[in-house]
Amino acid sequence: MQANGIKVRLSVKNPKTAEALENVIVSDNEYLLLGINAKDPADLMIFELGGDLEKDFQNIRSLIDLGVAGDVFLTSIDFTPEVLQRAIREGVKDFFSQPINSIEVKQSLERFSNQKGKLNQETKPPKESKILTVLGSKGGIGTTTVAVNVAVSLAEADSVDSVALIDFDSMFGEIPFFLEIEPTYNWGEITKNISRLDATFLNNILVKHSSGVYVLPSPRRLNGYEGTTPEILESILLLMKKLFEYVVIDLGKILDVNSLKIIEMSDDLLMISVQSISCLCNSNDLLRSITSKSSLPEDRIKILINRYMKKSEISLKDAERSINKKIFWTIPNNYRATFSAINQGKPLSEVASKSKITKNFRQLADNLICGETCQLKRNRLLRLVGR
Ligand SMILES: Nc1ncnc2c1ncn2[C@@H]1O[C@H](COP(=O)(O)OP(=O)(O)OP(=O)(O)O)[C@@H](O)[C@H]1O
Ligand SMILES: [Mg+2]
């Protein structure tokens, strides 16, 4: 047994189950089975659910919170969908039905060990995680442009450890074109296999872009979306928050029960508008609908005017009057750079690194991270060498 192997503790009452699990663990010297009286914290605890589910979940929560167990796997004779949902929300990473299938346990331990190595190498656990959701007041006004370039500008900041970008535009998710990636899977896979949701499963679906941003692609057709529920989306976002410091979401322009759940879980909602009467009217309606239908406080909704032109017929003051809210940010009009970036499948910082619009996205990211006056360091070369 290796002294620095993965430490596993069992909290299993059923003797047959305990024996089967012990046999798998001790058969591989990568794992160290901790004795009942050992005081070391375990990297992994395998916990058997008993008769009192509420008490068991409270125990699991405190085991994770107190650092007694890094991660928890569950075993039980029977897993109902409700128990699985609850377990995922509490942070449980995998499940073994009884009687124990040794091969399944072995594979799961292997995934855990690979994942542990991978996450240690690539992403440190986030200091504090934030969800930034980008919502369009209308189609075609630059929602995806903003989501992609905010995510990349966040990832460029030296102080930021990890950024994920989720494409929740379920019909026309276009992020793969914006970043020239070819995803094999998408979050529709998660909705169909929610019981398998853990860091390893998620990691297999995420695509890493050269900027360092991890992309969770959209199914791009309704059949992946129909099975989605607010509870499933909550599970996905809770897990993403555990893995990433910033989670940027392209929500497209849809407001329904699912997107309302995402909005409620967001730290900031960046609502995109442009200087046109119809779009500002939509922004106004959206603003009122969101504040009446969700628990998101209004000060977390930030209005951004994209394609901003100083000489437009509709001034910023007019825009603010029409929505009865201050405009948080303006992004300059630059069709040539944004169009060329999309066509090349690259972020603005790669195709127009010195342009006003790219600098604007960096300032926006700085503002979202640490407020109005701060300017974060972006030593791009060093970061690219490190990736
Ligand atoms: N700041 C900007 N200045 C000028 N043009 C822009 C700007 N931002 C985006 N565009 C242009 O607007 C068009 C639509 O952009 P984008 O796909 O990001 O919008 P969207 O709101 O996500 O659209 P959809 O509703 O199709 O998802 C693109 O051609 C892009 O070049
Ligand atoms: Mg879009």
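Residues numbered from 1 in each chain as written. Chains lettered and ligands numbered in written order. Predicted model: local features only at pLDDT ≥ 70, side-chain atom pairs only at ≥ 80, totals over all residues. Heavy atoms only, no water.

So, on to the environment of Asp78. On the secondary structure map, Asp78 appears in the loop between strand S4 (69-76) and helix H3 (81-89). Overall, Asp78 belongs to the exposed group, its relative accessible area being 54%. Taking the C-alpha atoms as reference points, Asp78 and Phe96, 18 residues apart in sequence, are found 9.4 Å from one another. (Helix = DSSP H or I, 4+ residues; strand = E, 2+ residues; numbered from the N terminus. Buried < 20%, exposed > 50% of the residue type's maximum accessible area, 1.4 Å probe, protein only.)

Take the confidence of the model for the chain next. Within the chain, residue pLDDT values average 87, and 92% of them lie at 70 or more. Taken as a whole, residues 381-387 scores under 50 in pLDDT and shows 10 contacts with residues more than four places along the chain or in a different chain. (pLDDT = per-residue confidence, 0-100. Contact = heavy atoms within 4.5 Å.)

Between helix H5 (residues 143-156) and helix H15 (residues 356-370), the shortest axis-to-axis distance is 8 Å and the interhelical angle comes to 70°. Accordingly, the angle class assigned to the pair H5 and H15 is roughly perpendicular. For the pair H5 and H15, contact is made by Thr145, Val146, Asn149, Val150, Ser153, Leu154 and Glu156 and by Phe361, Arg362, Leu364, Ala365, Leu368 and Ile369, respectively. (Axes fitted to C-alpha atoms, helices over the stretch in contact; angles between N-to-C directions. Parallel < 35°, antiparallel > 145°, perpendicular 65-115°, else oblique.)

Structurally, the chain comprises domain 1 (6-122) and domain 2 (130-386). Computed from C-alpha atoms alone, the centre-to-centre distance between domain 1 and domain 2 is 35 Å. Taken together, the contact pairs 13 residues of domain 1 with 17 residues of domain 2. Viewed at the interface, domain 2 and domain 1 are joined by 0 salt bridges. Residue assignment for the side of domain 1 that touches domain 2 shows that the elements contributing at least two residues are H3, strand S5 (92-97) and helix H4 (102-122). (Domains from an automatic or database assignment. Salt bridge = Lys/Arg side-chain N within 4 Å of Asp/Glu carboxyl O.)

Once that is clear, we can look at the sheet that holds strand S3 (residues 42-48). The strand order across the open sheet formed by 5 strands is S2-S1-S3-S4-S5, and the pairing between neighbours is parallel. Looking at strand neighbours, the two that pair on one side only are strand S2 (31-33) and S5, the edges of this open sheet. On average, each strand axis in the sheet is tilted by 25° relative to the strand beside it, whichever way the strands run. Relative to S2, strand S1 (residues 6-11) runs parallel, the two sharing 3 bridges. Looking at S2, one finds that Lys7 is bridged to Leu32. (Pairing = 2+ DSSP bridges.)

So, on to the site of ligand 1. Near ligand 1 you find 21 residues, and of these Thr144, Thr145, Asn306, Arg307 and Asn334 are the closest. Between ligand 1 and the protein, one listed contact pairs an oxygen atom with a backbone N or O atom of Ile141 at 3.1 Å. Note that an oxygen atom of ligand 1 is positioned 2.7 Å from one of the side-chain N or O atoms of Arg307. For ligand 1, whose accessible area on its own is 630 Å², the fraction buried by protein is 87%. (Near = heavy atom within 4 Å. Polar contact = N/O pair within 3.5 Å; in protein donor to acceptor, adjacent residues only side chain to side chain. Areas by Shrake-Rupley, 256 points an atom, 1.4 Å probe, with all protein chains shown as cover.)

Before going further, it helps to examine the state of the cysteines. Under the criterion given, the structure shown has 1 disulfide. Each sulfur in the disulfide pair Cys370 and Cys374 lies 1.8 Å from the other. Between Cys370 and Cys374 the sulfur-sulfur dihedral comes to about 65°; the bridge is accordingly right-handed. Residue class for Cys370 comes out partly exposed when judged on its relative accessible area of 38%. Among the residues examined, Cys374 registers a relative accessible area of 24% and is labelled partly exposed. Left unpaired, Cys281 is separated from the closest cysteine sulfur, that of Cys279, by 9.4 Å. (Disulfide = S-S within 2.5 Å.)

What follows concerns the environment of Asp56. Relative to the assigned elements, Asp56 resides in helix H2 (residues 53-65). Relative accessible area serves as the criterion here: at 11%, Asp56 is assigned to the buried category. With 52 residues separating them in the primary sequence, Asp56 and Ser108 have C-alpha atoms 22 Å apart. Contacts of Asp56, omitting those with residues within four sequence positions, involve Phe47, Glu48, Leu49 and Gly50.

Attention shifts here to the side chain of Asp56. Buried charged residue Asp56 carries no salt bridge. Nearest counter-charge: Lys13, at 6.6 Å. Among the polar contacts listed, one links the side chain of Asp56 to the backbone nitrogen of Gly50, at a separation of 2.6 Å. (Lys, Arg positive; Asp, Glu negative; His and termini not counted.)

Counting 61 residues, the largest nonpolar core has Leu74, Ile190, Leu216 and Met240 as the members making the most contacts within it. Top element by residues in this core is helix H9 (residues 230-243). It accounts for 7 residues. Both domains that furnish three or more residues to this core are identified here as domain 1 (6-122) and domain 2 (130-386). When residues no more than four places from it in sequence are discounted, the contact partners of Met240 are Ala164, Ile166, Leu202, Leu206, Leu216 and Val247. (Core = buried A, V, L, I, M, F, W, Y, C linked by side-chain atoms within 4.5 Å.)

Inspection of the entire model under this criterion finds 3 cavities of 30 Å³ or more. Surrounding the second largest cavity, Thr145, Val148, Asn149, Phe178, Thr338, Ala341, Ile342, Lys346, Pro347 and Leu348 form its lining. Elements represented by at least two residues in the lining of the second largest cavity include exactly H5 and helix H13 (335-344). Within the lining of the second largest cavity, the residues separate by chemical class into 6 nonpolar, 3 polar and 1 charged. (1 Å grid on protein atoms, 1.4 Å probe; cavity = no way out; pocket = protein on both sides within 12 Å on 5 of 7 lines; lining within 4 Å. Points joined across faces, edges and corners; volume = space filled by probe spheres on them. Nonpolar A, V, L, I, M, F, W, Y, C, P; charged D, E, K, R; others polar.)

Read across the sheet, 8 strands follow the order S8-S9-S7-S10-S6-S11-S12-S13 without closing on themselves; strand pairing throughout is mixed. Looking at strand neighbours, the two that pair on one side only are strand S8 (207-208) and strand S13 (327-332), the edges of this open sheet. Of the strands in this sheet, strand S6 (130-136), strand S7 (163-167), strand S9 (213-216), strand S10 (246-250), strand S11 (268-273), strand S12 (301-308) and S13 are in contact with H5, which crosses S10 at around 165°. Those strands touched by helix H11 (residues 277-293) are S6, S11 and S12, and its axis lies near 155° from that of S11.

With that out of the way, let us pick up the packing of aromatic side chains. Using the criterion set out here, one finds 7 aromatic pairs in the structure. For the ring pair Phe73 and Phe96, a centre distance of 5.6 Å and an interplane angle of 85° mean the geometry is edge-to-face. One end of the pair, Phe73, is in strand S4; the other, Phe96, is in strand S5, with 23 residues separating them in the sequence. Each member of the pair Phe73 and Phe96 is classed as buried. On the numbers, 5.2 Å between centres and 55° between planes, the contact of Tyr214 with Phe244 is tilted. In this pair, Tyr214 sits in strand S9 while Phe244 sits in the loop between H9 and S10, placing the two residues 30 residues apart along the sequence. Three or more aromatic residues link up through ring pairs in this structure, and these residues are Phe73, Phe96 and Phe112. Positioned above the aromatic ring of Phe328 is the side chain of Lys302, whose terminal nitrogen or guanidinium carbon lies 5.4 Å from the ring centre. (Phe/Tyr/Trp six-rings, centres within 6.5 Å; stacked < 30°, edge-to-face > 60°. Lys NZ or Arg CZ within 6 Å of the ring centre and 35° of its normal.)

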